[in-house]
Amino acid sequence: MGAAVLTAEQMARYSRQIILKEIGGIGQRHLLDAHIMVLGVGALGASALLYLGGAGVGRLTLVDDARVADSLLPGDIIHERIHAGQPVVYSAKQRIHAVNPEVEISALDLPLSDDYVIDKIKSVDLVLDLSADLSLKWDQVCIQQRVPLFSGWVDQHGGWAAASLVGVESEAVCMRCQGIKQRGNVTAIEPFSGLLAGMVGTVLATEACKWLMGLGTGLRGQRWCFSPFDTAFKAYPVERQGDCPVCSKGSVADKVVEDRQEDDAGAACIDITTEQCPMTFVKVKLKLESMPPGQELTIRLNGGEPLHNVPLSLVDEGCWVSSPMADDQTGTFILKTRRPTS
Ligand SMILES: [Zn+2]
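Criteria and cut-off values
- Residues numbered from 1 in each chain as written.
- Predicted model: local features only at pLDDT ≥ 70, side-chain atom pairs only at ≥ 80, totals over all residues.
- Helix = DSSP H or I, 4+ residues; strand = E, 2+ residues; numbered from the N terminus.
- Buried ≥ 20, exposed ≤ 12 C-beta atoms within 10 Å, placed from the backbone.
- Contact = placed C-beta atoms within 7 Å.
- Expected span 1.5 Å × (residues − 1).
- Domains from an automatic or database assignment.
- Core = buried A, V, L, I, M, F, W, Y, C linked by C-beta atoms within 7 Å.
- Pairing = 2+ DSSP bridges.
- Right-handed = clockwise from strand over helix to strand, strands pointing away.

S.K.: Kindly report on the overall build of the protein chain, identifying the contributing residues and their values.
M.R.: Within the protein chain, the secondary structure is distributed over 11 helices and 13 strands. C-alpha extents for the protein chain along the principal axes are approximately 60 × 50 × 40 Å. Of all 342 residues assigned to the protein chain, the portion counted as buried reaches 41%. The contacts of the protein chain with a sequence gap of at least 6 include a subset with a gap of at least 24, amounting to 64%.

S.K.: Explain helix α5 (residues 88–99) residue by residue, including any values.
M.R.: With 12 residues, α5 extends 17 Å from end C-alpha to end C-alpha; this agrees with the ideal 16 Å at 1.5 Å per step. Buried residues of α5: Val88, Val89, Ser91, Ala92, Lys93 and Ile96, and no others.

S.K.: Summarise unusual backbone geometry; cite the residues concerned and give the values.
M.R.: Looking along the chain, the bond that leaves Cys277 and enters Pro278 is cis, with omega of 5 degrees. Structurally, Pro278 is set in the loop between β9 (268–271) and α10 (279–289). Unlike most non-glycine residues, Arg146 shows phi in positive territory, near 60 degrees. Mapped onto the elements, Arg146 comes out in the loop between α7 (137–144) and β5 (149–155).

S.K.: Run through the domain arrangement of the protein chain, naming residues and quoting values.
M.R.: By a widespread convention, an interface's size corresponds to the accessible area lost as its parts come together. For the protein chain, the assigned domains are domain 1 (34–237) and domain 2 (267–338). Each of domain 1 and domain 2 has a C-alpha centre, and these two points are 32 Å apart. Opposite the five residues of domain 1 that make contact, domain 2 presents four residues.

S.K.: Provide a residue-level description of the environment of Glu207, including the pertinent values.
M.R.: Within the element layout of this structure, Glu207 appears in helix α8 (residues 194–212). Counting along the chain gives 13 residues from Glu207 to Arg220, while the straight-line C-alpha distance between them is 9.8 Å. Ignoring anything within four residues of it in the chain, the contact list for Glu207 reads Phe150, Ala163, Thr217, Gly218 and Leu219.

S.K.: So what's going on with α7? Which residues, and what values?
M.R.: Those residues of α7 that sit buried are Trp138, Asp139, Gln140, Cys142 and Ile143. Of the residues one or two after α7, Arg146 is the one with positive phi, at around 60 degrees.

S.K.: Describe the nonpolar core, with residues and values.
M.R.: Ranked by size, the top nonpolar core spans 75 residues in total, and within it Ile36, Val38, Leu49, Leu126, Val127, Leu128 and Ala208 carry the most contacts. Setting aside its immediate chain neighbours within four residues, Ile36 contacts Leu52, Val57, Leu60, Val124, Asp125, Leu126, Leu128 and Ala208. Grouped together as the second largest cluster of nonpolar side chains are 13 residues, Ile299, Leu314, Cys319 and Val321 included.

S.K.: Got a sec to walk through the pairing of strand β10 (residues 297–301)? Specific residues and values, please.
M.R.: What you see with β10 is a clean split: Leu297, Ile299 and Leu301 sit on the buried side and Thr298 and Arg300 on the side with no burial. Across four bridges, the pairing between β9 and β10 is parallel. Looking across to β10, one finds that Cys269 is bridged to Thr298. Note on the crossover from β9 through α10 to β10: the handedness is right-handed. Note: β10 against strand β13 (residues 332–338), five bridges, orientation antiparallel. Bridge pairing links Leu301 to Phe333 in β13.

Set out below in structure tokens:
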């Protein structure tokens with residue numbers, strides 16, 4: 001999807017976050033171009049979806065086969081009593097559009113195990129698992145598809161928020177190594193606080209948007225836990241377990257990283273970390289002009305002024321630009337871009 005120019009209506013709607021120096025027009029464009037899949041439209045999904053839609057995430061795919069129920073409304077604030085008995089995904093879609101009609105929404109009234117859902121993950125930018133099932137399979141699927149996974153949970157003891165960036169960042173830690181345990185289908189009535197669920201859902205929506213805008217995430221390398229009754233909030237550092245079949249050496253993640261390195265080796269790349277502005281953009285522009293329109297160029301650059309100016313100049317020329325990815329080992333950043341084909 002190309003980097004659209006903001007319309008006057010969008011500038012007015014998102015003005016409060018655009019004027020934040022950390023977001024700006026580029027950050028807003030990243031949100032508008034983003035596609036998030038949300039697994040579970042219950043208590044955590046309710047708050048997350050309202051904020052994702054309000055913030056201007058361009059596309060949302062909602063997956064849940066549950067129905068709106070009166071007993072769930074204290075936590076599921078996205079739904080209304082008049083929609084009791086309706087599929088939660090349709091109810092949520094109506095409410096998001098009442099907040100922000102420009103969000104493109106796919107409402108999938110399907111079980112999470114449906115093959116279509118799993119296949120769809122390869123076409124999204126990020127997955128938010130906010131379902132009650134808490135299945136570790138999403139981590140493996142997202143790693144294979146190189147899609148970041150953000151997940152959260154609440155129960156009578158408290159709540160937590162975590163992210164698995166194993167498919168997209170080196171040295172990332174999988175959900176299993178973060179202590180997340182497989183849960184399976186839930187049949188019993190679970191006691192929990194809807195207020196806490198709203199808080200965890202909002203935290204995850206915030207961290208997902210930050211990652212999409214290239215602002216990193218506070219969930220990198222740590223898991224956040226929340227206690228509802230003593231208002232405690234703690235961050236626990238996490239690290240890879242040596243024998244982990246998912247993210248240790250020789251694991252699923254290793255193969256994904258190898259494939260990514262092969263892809264990168266075959267792609268056009270330019271390193272402008274030794275250049276100063278305006279030569280940073282001049283070199284990128286000349287490189288792009290030597291390539292056919294539509295071919296992807298990978299740019300390695302420093303933070304600071306180049307990280308601000310180069311994507312801004314590319315967007316002004318109508319190019320698609322990815323969110324920057326930090327390379328913690330070198331302290332530089334990676335951008336991907338391509339000229340429009342017409
Ligand atoms: Zn692991």
